[in-house]
Amino acid sequence: KLWRQIMWCANLQCTVLEVKAIDGLGMTVDVLVVNGYLKEGDKAVFCTLDGPIVTEIRGLLTPPPSREMRVKSEYIHHKEIKGA
């Protein structure tokens, strides 16, 4: 049924978009959270060509709303992020 495919649920589902190094923050991972919650302190497992990497989420950052992405500005810190 269609409503099951589009309904939000608490099971975490997210997609890694990009992995990059940001000055002052170190290695960061851009993700798209579809369902569920991400919280600071949660454990995350990433599959790599060299095997899995297990790490703890140290910070959840989002850019300010309605800003040009090319303009550098401070990120907004969150304790928890809910999927779309």
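Let me begin by describing the structure that accompanies this report. What you see is a predicted model, and the numbers here were worked out from it, not measured in a lab.

A word on the overall build of the protein. A tally of helices and strands in the protein yields 1 helix and 8 strands. Listing each helix as α and each strand as β along the protein from the N terminus yields α-β-β-β-β-β-β-β-β. Out of the 84 residues belonging to the protein, those deemed buried represent 13%. In the protein, of all internal contacts separated by at least 6 residues, the share reaching a separation of at least 24 is 34%. By element, 56% of the accessible surface of the protein is carried by carbon and sulfur atoms, the whole surface being about 7300 Å².

In this structure, Thr28 sits in strand S2 (residues 26–35). Leaving out residues up to four positions away in the same chain, Thr28 has contacts with Glu18, Val19, Lys20 and Ile22.

What follows is about the pairing of S2. Bridge count for strand S1 (residues 13–22) against S2 is 9 bridges, and the pairing is antiparallel. Bridged to Thr15 within S2 is Leu32. Linkage of S1 to S2, two consecutive antiparallel strands, is achieved through a turn of 3 residues, within which Gly24 is found at a positive phi near 90°.

About the thresholds
Residues numbered from 1 in each chain as written. Predicted model: local features only at pLDDT ≥ 70, side-chain atom pairs only at ≥ 80, totals over all residues. Heavy atoms only, no water. Helix = DSSP H or I, 4+ residues; strand = E, 2+ residues; numbered from the N terminus. Buried < 20%, exposed > 50% of the residue type's maximum accessible area, 1.4 Å probe, protein only. Contact = heavy atoms within 4.5 Å. Areas by Shrake-Rupley, 256 points an atom, 1.4 Å probe, with all protein chains shown as cover. Pairing = 2+ DSSP bridges.

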